[in-house]
Structures are given as structure tokens and as C-alpha cells.
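Below, each chain spelled out in residue letters.
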Amino acid sequence: MTDIRYLAPRTLDEAVGAFAAARGAARILAGGTDLLVQMRAGAVRPGLIVDIKRIAEMTSIEETADGGFRIGAAVSGAVLGEHPRFGQVWPGVLEAVNLIGSTQVQGRASPGGNLCNASPAGDSVPAMIAADAVVTVQGPDGRRQMPVAAVPAGPGRTNLAPGEILVSFTLPPRPRGAGDAYLRMIPRTEMDIAVVGCGVNLTLRDGTCTAARVGLGAVAPTVLLVGEAGKALVGSRLDAAAIEAAAAACRAACRPIDDKRGTIAYRTRIAGVLLKRTVGIAADRAGRA
Ligand SMILES: Cc1cc2nc3c(=O)[nH]c(=O)nc-3n(C[C@H](O)[C@H](O)[C@H](O)COP(=O)(O)OP(=O)(O)OC[C@H]3O[C@@H](n4cnc5c(N)ncnc54)[C@H](O)[C@@H]3O)c2cc1C
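Cut-offs and rules
Residues numbered from 1 in each chain as written. Predicted model: local features only at pLDDT ≥ 70, side-chain atom pairs only at ≥ 80, totals over all residues. Near = placed C-beta within 6 Å. Helix = DSSP H or I, 4+ residues; strand = E, 2+ residues; numbered from the N terminus. Nonpolar A, V, L, I, M, F, W, Y, C, P; charged D, E, K, R; others polar. Domains from an automatic or database assignment. Contact = placed C-beta atoms within 7 Å. Pairing = 2+ DSSP bridges. Axes fitted to C-alpha atoms, helices over the stretch in contact; angles between N-to-C directions. Expected span 1.5 Å × (residues − 1). Core = buried A, V, L, I, M, F, W, Y, C linked by C-beta atoms within 7 Å. Buried ≥ 20, exposed ≤ 12 C-beta atoms within 10 Å, placed from the backbone.

Caption draft 1: Local environment of the site of the ligand. Taken together, 29 residues sit near the ligand, with A30, G31, G113, N114 and C116 positioned nearest. Elements with a minimum of two residues in the shell around the ligand: strand 2 (26–29), helix 2 (35–40), helix 7 (111–116) and strand 10 (165–171). A class-by-class count of the residues in the shell around the ligand yields 15 nonpolar, 10 polar and 4 charged.

Caption draft 2: Fine view of the domain arrangement of the chain. Entries for the chain in the domain assignment read domain 1 (5–119 + 134–171) and domain 2 (178–288). Once you take the C-alpha centre of each, domain 1 and domain 2 turn out to be 25 Å apart. Of the residues lining the interface, 14 residues belong to domain 1; the matching set on domain 2 comes to 13 residues. The set of elements that each furnish at least two residues to the side of domain 1 that touches domain 2 consists of helix 5 (91–97) and strand 8 (152–154). The element that contributes the greatest number of residues to the side of domain 1 that touches domain 2 is helix 5, accounting for 5 residues.

Caption draft 3: Expanded view of the sheet that holds strand 2. A sheet is described by the order of its strands in space; here 3 strands give the open sequence 1-3-2, paired in parallel fashion. Each having just a single partner strand, strand 1 (5–7) and strand 2 make up the two edges of the open sheet. With strand direction ignored, the average angle separating the axes of adjacent strands in the sheet is 20°. The sheet contacts of helix 1 (residues 12–21) involve strand 1, strand 2 and strand 3 (48–51), and relative to strand 3 the element is tilted by about 160°.

Caption draft 4: Summary view of unusual backbone geometry. A positive phi angle, close to 50°, is found at D206, a residue other than glycine. The residue D206 is located in the loop between strand 12 (196–205) and strand 13 (208–217) in this model. Even without glycine at this site, A218 takes up a positive phi of about 70°. Within the secondary structure, A218 sits in the loop between strand 13 and strand 14 (224–225).

Caption draft 5: Spotlight on helix 10 (residues 240–253). With 14 residues, helix 10 extends 20 Å from end C-alpha to end C-alpha; this agrees with the ideal 20 Å at 1.5 Å per step. Residues of helix 10 that are buried in the fold lie against strand 13, helix 9 (227–233) and helix 11 (264–288).

Caption draft 6: Here's a closer look at the pairing of strand 5 (residues 69–72). Here 3 bridges tie strand 4 (residues 61–63) to strand 5, and the two strands are oriented antiparallel to one another. Bridging from a neighbouring strand, E63 pairs with F69 of strand 5. In this structure, strand 5 lies alongside strand 10, joined through 4 bridges in antiparallel fashion. Its bridge partner lying in strand 10, G72 is registered against S168.

Caption draft 7: Region of interest: the nonpolar core. Formed by 88 residues in total, the largest nonpolar core has its most connected members in I52, V196, V214, A246, C250, A271 and L275. The element contributing the most residues to this core is helix 11, with 8 residues. Excluding anything up to four places from it in sequence, L275 contacts C198, V214, A229, A246, A247 and C250.

Caption draft 8: Helix 11, seen in detail. With 25 residues, helix 11 ought to run about 36 Å at 1.5 Å a step, and its terminal C-alpha atoms sit 37 Å apart, in line with that. Turning to helix 11, its buried residues are R267, I270, A271, G272, L274, L275, T278, V279, A282, A283, R285 and A286. On its buried side, helix 11 packs onto helix 5, strand 11 (178–185), strand 12, strand 13, helix 9 and helix 10.

Caption draft 9: Structural detail: the environment of A161. One can find A161 in the loop between strand 9 (157–158) and strand 10. When the C-alpha positions of A161 and A20 are compared, they lie 9.9 Å apart, and in sequence the two are 141 residues distant.

Caption draft 10: Molecular detail of the pairing of strand 10. For strand 10, a buried count of 6 out of 7 residues is recorded, marking the element as mostly surrounded by other parts of the structure. Bridging between strand 6 (residues 134–139) and strand 10 involves 5 bridges; their strand directions are antiparallel. Directly across from V134, in strand 10, lies its bridge partner T170.

Caption draft 11: Region of the structure containing the environment of A181. One can find A181 in strand 11. Between the C-alpha atom of A181 and that of D284, which follows or precedes it by 103 residues, the distance is 9.7 Å. When residues no more than four places from it in sequence are discounted, the contact partners of A181 are G92, V200, T278, I281, A282 and R285.

Caption draft 12: Examining the sheet that holds strand 7 (residues 142–147) more closely. Ordered in space as 4-5-10-6-7, the 5 strands form an open sheet in which the pairing is antiparallel. Because the sheet does not close on itself, it has two edges, and the strands there are strand 4 and strand 7. Strand-to-strand, the axes of this sheet are offset by a mean angle of 20°, without reference to chain direction. Relative to strand 7, strand 6 is paired through 6 bridges, and the arrangement is antiparallel. Of the residues in strand 7, the one forming a bridge with Q138 is R143.

Right, dumping it as C-alpha cells:
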């Protein structure tokens with residue numbers, strides 16, 4: 001077995017420097033709940049591990065001056081769940097993050113790791129996409145921002161450039177009357193991978209939907225932003241016809257695989273069912289916000 005070097009820098013510049021210098025032979029370690037499993041299975045053999053959890057910006061949560069949130073990429077689900085305000089403002093994003101694994105896994109697993117692992121079934125990703133979250137990444141050429149939906153490139157692959165590290169998520173401020181929700185379908189009651197995951201974020205004004213975004217997971221090589229589903233809801237009073245049109249848009253967007261968790265036909269059908277249920281929860285929350 002080859003030696004593995006382990007670094008736990010305190011600054012992002014050090015982390016980026018070491019990560020970039022390793023030229024693809026390094027891996028970032030956040031919670032390790034994907035990385036260590038992959039290393040144990042022999043699927044990944046990094047020469048260098050760069051642990052980002054000692055970098056303050058990676059592990060902090062801030063409410064921004066405009067009322068949005070900045071969440072460090074390595075914040076665990078457990079820490080996010082204990083934040084006094086985050087779950088009130090973004091209950092759908094929090095329920096998606098908190099669905100990842102068990103209590104033990106929650107103490108480690110981060111939304112940054114969930115996104116960078118680039119599984120099409122990652123639970124936090126559809127909710128982040130629905131929330132219109134943007135990520136900040138830093139690499140040898142500096143910092144840039146990209147929408148969450150632009151990060152996954154395919155199963156296990158991202159669009160981060162060589163040497164780039166995901167630093168944080170920024171979630172926008174919430175208007176009055178906004179609500180979000182996330183639901184997934186799994187064959188068991190917990191500790192399983194989504195057969196379909198659906199995140200919905202919408203705004204209601206006097207009963208009319210003025211904004212809506214839908215993220216769908218586990219139905220294509222990457223998590224999808226289903227623009228047509230959002231469009232079908234906007235301008236409606238979330239009547240049955242509008243919700244059915246959004247469900248049809250979700251079914252049309254599906255390009256799933258057939259596997260032991262579900263056939264193509266099953267996943268496609270469930271995408272529409274979950275859309276309807278998730279819209280109902282998000283609308284209920286929006287009505288109370
Ligand atoms: C028992 C168990 C149950 C699970 N259940 C679920 C579930 O229900 N739903 C679900 O979606 N997932 C589940 N997972 C998978 C895993 O827990 C999640 O994907 C988790 O969010 C990964 O976060 P992490 O911080 O542990 O990532 P890590 O394992 O540290 O990293 C994951 C990958 O992302 C890269 N990476 C991490 N952070 C960064 C960064 N900031 N910049 C660049 N690259 C980075 C790493 O190099 C690695 O390739 C489960 C895993 C286990 C072991």
C-alpha cells in the first residue's frame with residue numbers, strides 16, 4: 001500500500017496551494033463519509049488528503065447583511081440543524097441535509113461533500129438548486145461563483161477546475177410568503193439512497209405563485225433544475241391544472257437508469273408524484289411565512 005500524506009491547514013490559501021500542487025493526486029476531506037468509504041473499497045487512492053475542517057470559513061454559518069445565509073462547505077448537517085434561524089428560514093434545505101445518513105453520519109457529513117461527491121442521488125443538492133444557492137470556489141487562479149446546478153458534471157464528476165476547492169454556499173434572502181420543501185422516495189424508512197428526490201422553493205403573494213424553482217434528483221446523470229416545472233407554477237394559484245403541468249414537466253425531464261431501486265418507468269412516475277406532494281408542503285409553509 002502506498003503512503004498517504006495528511007494535511008490539515010488553517011487557511012484556504014494553504015489548502016488550495018497543496019491541493020493544486022498535488023495535480024490530481026490529492027483529495028479534499030470534509031466529513032469523510034463518502035471519501036473514506038471509497039478509499040476502503042479501493043476505488044480512490046489519494047497520495048495526499050487535505051482536511052478542510054480547521055479552516056474557519058469552511059466550518060462557519062453566517063447570516064448575511066441582506067438576510068441571506070453563507071454556509072461553509074464543511075459545516076456538518078448536525079451543526080446546521082442546531083443553528084437558531086437557518087431551519088426557520090430554509091426548512092426544505094435543512095430537511096434535505098438532515099436526511100443524509102444516520103445521527104452518526106450527520107455529525108460529519110457536509111453539504112459541500114454531498115455536492116462534490118456528485119452522486120445524482122445526493123439529497124441536499126435538489127433542495128439547494130431549488131433555493132437558488134450559489135457556491136464560491138477557490139483555486140490557483142482565485143475565487144469565482146457558480147450556481148449549485150452547474151457544479152455536477154456527471155456521476156462522480158464535477159465542473160470544478162483542477163486545484164479548485166468548494167468554499168461555501170450562499171443562499172439568497174427570503175421574501176415574505178416564501179416556502180421550500182424536500183421529499184425523497186426510498187424503499188426503506190431511512191439510511192438509503194433516493195430513488196427520486198424533489199426540492200421545491202416557491203413564493204406566494206395573495207395566493208398567487210410569483211416565483212418557483214424545482215430541483216430533481218436521481219432521475220438523470222446529474223441533479224436537474226426543472227425550469228419548465230417552475231414556469232408551470234408561476235402565475236397560477238397552485239390549482240390542480242398548474243400542479244399537474246409541473247408534474248408533467250418533471251416526468252418529461254427524467255432520464256433515469258433502471259436499477260434494483262427502481263425501473264425507468266417507476267422513477268419517472270414517482271418524479272411527478274413527489275413534485276405534487278412537495279409543492280403542497282412548500283405552499284403550506286409559504287402560507288405561514
Ligand atoms: C451510512 C451512510 C449513509 C449515507 N446516507 C446518505 C443519504 O441518505 N443521502 C445522501 O445524499 N448521502 C448519503 N451518504 C453519503 C454521504 O454521507 C454524503 O454524500 C455526505 O454529504 C458527504 O459529505 P462529507 O462531508 O462526508 O464528504 P467527504 O466524504 O469528505 O467528501 C466527498 C467527496 O467530495 C470531495 N469534497 C468534499 N468537500 C469538498 C470541497 N469543499 N471542495 C472540493 N471537494 C470536496 C471529497 O474529496 C470527496 O471526493 C451516506 C453515507 C454513509 C456512509
